[in-house]
Amino acid sequence: MAGKALNRIKVVLAEQQKTNLWLAYKLDMSPNTVSKKKNKTKQPTVETLFRIAGTLGVDVRELLVSTK
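The following paragraphs examine the structure supplied in this document. As the structure is a prediction and not an experimental result, all values here were calculated from the model. (Residues numbered from 1 in each chain as written. Predicted model: local features only at pLDDT ≥ 70, side-chain atom pairs only at ≥ 80, totals over all residues. Heavy atoms only, no water.)

### Overview of the nonpolar core
The biggest cluster of nonpolar side chains holds 15 residues, and the ones touching the most others in it are Ile9, Leu23, Ile52, Leu56, Val58 and Leu63. Sorting elements by how many residues they give to this core places helix H4 (residues 46-56) first, with 4 residues. Those residues within four positions of Leu63 in sequence are excluded, and the remaining contacts are Leu6, Asn7, Arg8, Ile9, Val12, Leu49, Ile52, Ala53, Leu56 and Val58. (Core = buried A, V, L, I, M, F, W, Y, C linked by side-chain atoms within 4.5 Å. Buried < 20%, exposed > 50% of the residue type's maximum accessible area, 1.4 Å probe, protein only. Helix = DSSP H or I, 4+ residues; strand = E, 2+ residues; numbered from the N terminus. Contact = heavy atoms within 4.5 Å.)

Pasting the structure below:
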């Protein structure tokens with residue numbers, strides 16, 4: 001699945017006008033780690049997706065690309 005969009009973190013951050021730096025601070029992660037997850041270089045774990053969803057105040061399903 002290399003190169004295939006599996007998450008929508010970048011889209012949701014843009015919709016909420018939030019930055020990688022803001023999310024990294026809120027999650028206590030390095031900005032580089034957040035950037036890799038946002039740009040799909042490294043997919044986040046399910047646990048991390050739930051943390052990101054909680055921080056952004058969205059349902060975790062909004063961070064995933066639908067298979068239908």
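### Let's talk about helix H3 (residues 31-38)
Buried within H3 we find Val34, Lys37 and Lys38. Taken down its axis, H3 places every buried residue within 95° of arc, on the same side. Those residues of H3 that are buried are in contact with helix H1 (9-15), helix H2 (20-27) and H4. Looking one or two places after H3, you find Lys40, whose phi comes out positive at around 65°. (Arc of directions from axis to C-beta.)

### Thoughts on the pattern of salt bridges
By the definition in use, this model includes 2 salt bridges. In this structure, Arg8 and Glu15 form a salt bridge, with 3.7 Å as the shortest nitrogen-oxygen distance. Residue classification places Arg8 among the partly exposed positions, given a relative accessible area of 26%. The partner of Arg61 in a salt bridge is Asp59, with the nearest N and O atoms 2.9 Å apart. (Salt bridge = Lys/Arg side-chain N within 4 Å of Asp/Glu carboxyl O.)

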